[in-house]
Amino acid sequence: MKVTIQQAANLLNDGFVVAVPTETVYGLAASLRHPQAIQKIFSYKNRPLDNPLITHVADISAISEFIDQYPPGFMELATAFWPGPITFVLPIKEGSIPSIVTAGLSTAAFRVPNHVEAVKLLKKTGPLVMPSANISGRPSSTTTAHVESDFGSEFPVVDGGGCKHGLESTVLIFRDGRWIIGRLGAISARDIEKILRYQPEFSIGKSQKPACPGQKYRHYAPRAQLFLGGEVPTNCRCILGFDDRKYLRDANVIFLGTTSDPMSVANRLYDTLRHLDAVGLETAWVDMDFPHEGLWRTIRERLEKAAGEL
Ligand code: TXA
Ligand code: MG
């Protein structure tokens, strides 16, 4: 059910949960002042309680009440990328953020979104926690139709149209004197390197404890089984591919975008994965012949997770 910004602000200030657009993906929002509403987010999403949430604020000054000291490089990074699709995990003043949000950690994640409606709302409500507005494990929502397909047509949602990036924010964590990437996202390691003057490492690996607790769960997955690259399996008639390539003549090709424009591929990736379910496909082969760097790296990682390979 579409609601206006003012209706959304009233609902949030009264302790209800509302879906809100951002420039990355839609979020499922609750006020930081309402722990019972935050609890409801976990049950609506079926989200494990050990996966902490991002606190969203209208501007950088709104995080000062939670932080004693900023890690080196934070101000340069925040000035370069906020408002925008980057989340910083920072050490917080003890007790300043409810433990349901931090999953009991001594750090918390913060983001200033670059989205007119989201910022207008944040100005009326104060800090909002927002995980992506999808059932845990499913592809994130990039339209109101995705939100309604996961949570029902009565669920309150602010209509912001399609999300510009279509992929979640990059999560940066300061650990052992260096910034590391806890989750790849809409801002690439290369862009971050320009500010930091070193390439932040991506903390992942099956054997290792991931820096972002959320990384240990399956994500972004359609019900269809995805085959990534290699030979097209004989019984698989659906191909996720690129507009500028030729594929088997009798295949049902679903286009991800063009190989010259990773932004366009990112923008429709989750819609494409959700489309596989909407039309009831059981298998799909994905053309993985694209670069490993920049935004392509995030797209590749999302597909690997969606296929259950990570
Ligand atoms: O683009 C986005 O970031 C979207 C929009 C709505 O802002 N939000 C989003 O939230 O993707 P969520 O909950 O789906 O992902 C948050 C990620 C998870 O991987 C979580 O483990 C990590 O951030 N995270 C949150 N707090 C953390 C902390 N204190 N330490 C390490 N990782 C943390
Ligand atoms: Mg998520």
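Just so it is clear, the model here is predicted, and its values are computed rather than measured. (Residues numbered from 1 in each chain as written. Chains lettered and ligands numbered in written order. Predicted model: local features only at pLDDT ≥ 70, side-chain atom pairs only at ≥ 80, totals over all residues. Heavy atoms only, no water.)

## Section: the environment of Pro 210
Okay, step 1: Note that Pro 210 resides in the loop between α7 (189–196) and β9 (225–228).
Okay, step 2: Each C-alpha atom of the pair Pro 210 and Asn 10 lies 37 Å from the other, and the pair is 200 residues apart in sequence.
Okay, step 3: Aside from chain neighbours lying at most four places away, what touches Pro 210 is Ser 203, Gln 215 and Lys 216. (Helix = DSSP H or I, 4+ residues; strand = E, 2+ residues; numbered from the N terminus. Contact = heavy atoms within 4.5 Å.)

## Focus: the sheet that holds strand β10 (residues 238–242)
Okay, step 1: Strand order in the open sheet formed by four strands is β9-β12-β10-β11, with parallel pairing between adjacent strands. Either end of the sheet is taken by a strand with one partner, and the two such strands are β9 and β11 (252–257). Averaged over all neighbouring strand pairs, the angle between strand axes comes to 25°, with direction disregarded.
Okay, step 2: Judged from the five bridges that link them, β10 and β11 form a sheet pairing that is parallel. Looking at β11, one finds that Gly 241 is bridged to Phe 255. (Pairing = 2+ DSSP bridges. Axes fitted to C-alpha atoms, helices over the stretch in contact; angles between N-to-C directions.)

## Structural notes on the packing of aromatic side chains
Aromatic ring pairs are defined here through the distance separating the ring centres and the angle between the ring planes.
Okay, step 1: One pass over the full model with this rule turns up 13 aromatic pairs.
Okay, step 2: Considering the side-chain rings of Tyr 44 and Phe 155, the 5.4 Å spacing of their centres and the 85° angle between planes classify their relative orientation as edge-to-face. Of this pair, Tyr 44 sits in helix α2 (residues 35–45) while Phe 155 sits in the loop between α6 (144–151) and β7 (170–175), and the two are 111 residues apart along the sequence.
Okay, step 3: For the pair Tyr 70 and Phe 74, a centre-to-centre distance of 4.9 Å together with 10° between the ring planes defines the contact as stacked.
Okay, step 4: By relative accessible area, Tyr 70 is classed as partly exposed at 28%.
Okay, step 5: By the ring-pair criterion, three or more aromatic residues cluster together here, those being Tyr 70, Phe 74, Trp 82, Phe 88, Phe 174 and Trp 179.
Okay, step 6: It is Arg 300 that lies over the ring of Phe 290; its NZ or CZ is 4.4 Å from the centre. (Phe/Tyr/Trp six-rings, centres within 6.5 Å; stacked < 30°, edge-to-face > 60°. Buried < 20%, exposed > 50% of the residue type's maximum accessible area, 1.4 Å probe, protein only. Lys NZ or Arg CZ within 6 Å of the ring centre and 35° of its normal.)

## What about the pattern of salt bridges?
Okay, step 1: Taken as a whole, this structure holds 12 salt bridges when the rule is applied.
Okay, step 2: For the salt bridge of Lys 194 with Asp 191, the shortest nitrogen-to-oxygen distance reads 3.4 Å. On the criterion of helical spacing, the pair formed by Lys 194 and Asp 191 is a turn pair, its members being three residues apart in helix α7.
Okay, step 3: Judged by its relative accessible area of 62%, Lys 194 falls in the exposed class.
Okay, step 4: Sharing partners across several salt bridges, the network here consists of Arg 138, Asp 150, Arg 223, Arg 274 and Asp 277. (Salt bridge = Lys/Arg side-chain N within 4 Å of Asp/Glu carboxyl O.)

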